[in-house]
Amino acid sequence: MLSDDELKRYRELLNAQNDSTYFKKEIGANLKNARANTPLTQEDVAEIFDCDPRKIRRYENGEVHVFINTAY
């Protein structure tokens, strides 16, 4: 489980990178690569975005578009 400070820090990092528009496979791959370089699991990322972990899996697999206004 992430601490409140960790959640805040990761949300800020993710928010800073949400200015560009990416195709669903590119942003999914970027999310997966970024997560691979951290100790975060898909469940942790789902907690950050307050969503179901299945949604994160679908993002990472390029199955759905990531809409920034609904992601955070």
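Residues numbered from 1 in each chain as written. Predicted model: local features only at pLDDT ≥ 70, side-chain atom pairs only at ≥ 80, totals over all residues. Heavy atoms only, no water.

A. Region of the structure containing the overall build of the protein. Check the secondary structure of the protein and you find five helices and zero strands. Beginning at the N terminus, the succession of helices and strands in the protein can be written as α-α-α-α-α. Counting only contacts in the protein whose residues sit at least 6 apart along the sequence, the fraction spanning at least 24 positions is 62%. In the form shown here, the protein has an accessible surface area of approximately 5,200 Å², with 49% of it arising from carbon and sulfur atoms. (Helix = DSSP H or I, 4+ residues; strand = E, 2+ residues; numbered from the N terminus. Contact = heavy atoms within 4.5 Å. Areas by Shrake-Rupley, 256 points an atom, 1.4 Å probe, with all protein chains shown as cover.)

B. Region of interest: the environment of Arg58. Looking at the element boundaries, Arg58 is found in helix 4 (residues 53–60). Here the alpha-carbon distance between Arg58 and Gly28, two residues 30 residues apart in the chain, equals 8.2 Å. Apart from the residues within four sequence positions on either side, Arg58 is in contact with Glu63 and Val64.

C. View of the side chain of Gln42. Structurally, Gln42 can be placed in helix 3 (residues 42–49). Judged by its relative accessible area of 16%, Gln42 falls in the buried class. A distance of 2.8 Å separates a polar atom in the side chain of Gln42 from a polar atom in the side chain of Glu60. Sequence-distant contacts of Gln42, defined by excluding residues within four places in its chain, comprise Arg35, Ile56, Arg57 and Glu60. (Buried < 20%, exposed > 50% of the residue type's maximum accessible area, 1.4 Å probe, protein only. Polar contact = N/O pair within 3.5 Å; in protein donor to acceptor, adjacent residues only side chain to side chain.)

D. Spatial organisation of the pattern of salt bridges. Following the criterion strictly, the structure yields four salt bridges and no others. Glu60 is paired through a salt bridge with Arg35; the nearest N and O atoms lie 2.6 Å apart. Of the two residues, Glu60 sits in helix 4 while Arg35 sits in helix 2 (residues 24–36), which places them 25 residues apart along the sequence. Residue Arg35 is classed as buried on the basis of its relative accessible area, which comes to 17%. Between Arg58 and Glu63 there is a salt bridge; the shortest N-O distance is 3.5 Å. Glu63 gets classed as partly exposed once you look at its relative accessible area, which sits at 45%. (Salt bridge = Lys/Arg side-chain N within 4 Å of Asp/Glu carboxyl O.)

E. Fine view of the packing of helix 3 against helix 4. One way to put it is that helix 3 packs onto helix 4 with a least axis distance of 8 Å and a crossing angle of 105°. By the criterion of interaxial angle, the relationship of helix 3 to helix 4 is roughly perpendicular. From helix 3, Gln42, Glu43, Val45, Ala46 and Phe49 reach across to helix 4, where they touch Pro53, Ile56, Arg57 and Glu60. Tallied by class, the residues present in the contact of helix 3 with helix 4 amount to five nonpolar, one polar and three charged. (Axes fitted to C-alpha atoms, helices over the stretch in contact; angles between N-to-C directions. Parallel < 35°, antiparallel > 145°, perpendicular 65-115°, else oblique. Nonpolar A, V, L, I, M, F, W, Y, C, P; charged D, E, K, R; others polar.)

F. Up close: helix 3. By the criterion of burial, helix 3 is predominantly enclosed, with six of the eight residues buried. Three or more residues of helix 3 are buried, namely Gln42, Asp44, Val45, Ala46, Ile48 and Phe49. Asp50, located one to two residues past helix 3, shows a positive phi value of around 55°.

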